[in-house]
Structures are given as structure tokens and as C-alpha cells.
Amino acid sequence: MYRAEFDDPAAEWFGLPTFNYRHAPRGLATRRQLAAKGLTPGRQGIAAQILWRRGRRRAYLYREDQAVPKREATPAQLRALMKAWVTLSTCPTCEREFDHYIPRRFGECLDCHEAATSFTPATGLEVA
Ligand SMILES: [Zn+2]
């Protein structure tokens, strides 16, 4: 038997438009349903909710027409990118991290490179 205990499309009781499980109107989707279509809610707020199991289970609904395509990079990919960035922007000599890549032809930051090339040992030998 269908019970309408959680039907509140006008948001009079629950503060959000609320529907029973499987009775949400078309055009609204859960985050998981959006993800299955390669979408995320984007910047929109929660549009409605569905309640089931006597209100103990809840899922938020988002407007599908305001959803945006999911970004390409996964969290794992972003972590890998950040790690690569840190490696490429950290000077191996002084271990300082810069907001730019360490020049590859020097292999160290400009400060270290300058110190190394301007330093002339007492022997008079050039530092390679
Ligand atoms: Zn350095």
C-alpha cells in the first residue's frame, strides 16, 4: 500500500520539497544518478529530498537541467598531479618549494645555481 507520509512537494513540513522514494518528479536526480550520466550537481543547491523507510533514509535531489559535466580528473589523478607539481617545483639542492617549476637545464633553483656557478674554490678550479 502506497503511503504518502513523506509527500511534501510544497515544502510545507520538511523545509525542502519532499517526496517518497520512487515518487520524485522527472528532472530531479540524486548525486549518484547524475554521476551515472557523467554529471555532477555543479553549483546548484539541493532542490528536493526523498525520504523512505519511515524517514530514516534520505537522499537529496538535484535539478538535472542545472547539472554540469563531471570534470575529467579523479581525486587520485589530482593527487598524482599535485605530487608531480611538488616534485617539479622543489629544488633538490636547498629543498625549497617554489610556485614555478625548477629550471630543468639547471636542475636546481636559480639561487642554488647562482651560488654554485659564482663560487670559485680556492684551488681556482671551476665548479662544473
Ligand atoms: Zn635551491
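Sequence order as written defines residue numbering, which begins from 1 separately in each chain. Thresholds applied to this predicted model are a pLDDT of at least 70 for local features of residues and 80 or more for the giving and counting of side-chain atom pairs; totals over whole chains, interfaces and linings are not thresholded and use all residues. Side-chain measures were taken over the full set of non-hydrogen atoms in the model, leaving aside hydrogen atoms and water.

Looking at the coordination of the zinc ion
Donor atoms from the polypeptide that bind the zinc ion are Cys91 (SG), Cys94 (SG), Cys109 (SG) and Cys112 (SG), placed at 2.2 to 2.3 Å. Here a donor is an N, O or S atom found within 2.8 Å of the metal, or within 3.2 Å if the metal is Na, K or Ca; sites may look incomplete because water is not among the atoms. Four donors are marked tetrahedral only if all angles between them lie between 85 and 135 degrees, whereas four are marked square planar and six octahedral if opposite donors are more than 155 degrees apart and the other angles lie between 65 and 115; the remainder are marked irregular. Given four donor atoms and angles of 103 to 116° at the metal, the environment of the zinc ion is assigned as tetrahedral. Burial here depends on accessible area, computed with a 1.4 Å probe over protein chains only, as a share of the maximum for the residue type. Under 20% is buried, over 50% is exposed, and the range in between is partly exposed. With relative accessibility at 0%, the residue Cys91 sits in the buried group. The exposure class of Cys109 is buried, given its relative accessible area of 2%.

Details of the side chain of Thr30
Put simply, DSSP marks the helices as runs of H or I at least four residues long and the strands as runs of E at least two long, and each gets a number from the N terminus on. Considering the arrangement of structural elements, one finds Thr30 in strand S2 (residues 28-30). Contacts: residue pairs with any heavy atoms within 4.5 Å of one another. Not counting residues up to four positions away in its chain, the partners in contact with Thr30 are Ile50, Ala59, Tyr60, Leu61 and Tyr62.

Examining the sheet that holds strand S4 (residues 48-52)
The pairing of strands in a sheet comes from backbone hydrogen bonds and takes either a parallel or an antiparallel form. A pair of strands is considered paired only if DSSP assigns at least 2 bridges between the two. A sheet is described by the order of its strands in space; here four strands give the open sequence S1-S4-S5-S2, paired in mixed fashion. With one partner strand each, in any of the chains shown, strand S1 (18-20) and S2 form the two edges of the open sheet. Taking the axes of each pair of neighbouring strands and ignoring which way they run, one obtains an average angle of 35° across the sheet. Here three bridges tie S2 to strand S5 (residues 57-63), and the two strands are oriented antiparallel to one another. Across the sheet, Leu28 pairs through a bridge with Arg63, a residue of S5. Fitted lines through C-alpha atoms give the axes, limited to the stretch in contact for helices. The angle between two N-to-C directions lies from 0 to 180 degrees.

Some thoughts on the nonpolar core
Working definition of a nonpolar core: buried Ala, Val, Leu, Ile, Met, Phe, Trp, Tyr and Cys residues. They are joined through side-chain atoms within 4.5 Å. Counting seven residues, the largest nonpolar core is built from Phe19, Leu28, Ala48, Ile50, Trp52, Ala59 and Leu61. Looking at which element gives the most residues to this core, the answer is S4, with three residues. Apart from the residues lying within four places of it in its own chain, the contact partners of Trp52 are Tyr21, Arg57, Arg58 and Ala59.

Overview of the packing of aromatic side chains
Only Phe, Tyr and Trp rings take part, Trp by its six-membered ring, and two of them pair if their centres are within 6.5 Å. Stacked means planes under 30 degrees apart, edge-to-face means over 60, and tilted covers everything else. Inspection of the entire model under this criterion finds one aromatic pair. Judged by centre distance (4.9 Å) and plane angle (50°), the rings of Trp85 and Tyr101 are tilted. Of the two residues, Trp85 sits in helix H2 (residues 75-89) while Tyr101 sits in the loop between H2 and helix H3 (110-118), which places them 16 residues apart along the sequence. Judged by relative accessible area, Trp85 falls into the partly exposed class, the value being 31%.

Points about the environment of Tyr101
Taking relative accessible area as the criterion, Tyr101 reaches 44% and is therefore assigned partly exposed. Considering only alpha carbons, one finds Tyr101 and Thr87, 14 residues apart in sequence, at a separation of 8.8 Å. Not counting the four nearest positions on each side in its chain, Tyr101 is found in contact with Trp85, Leu88 and Ser89.

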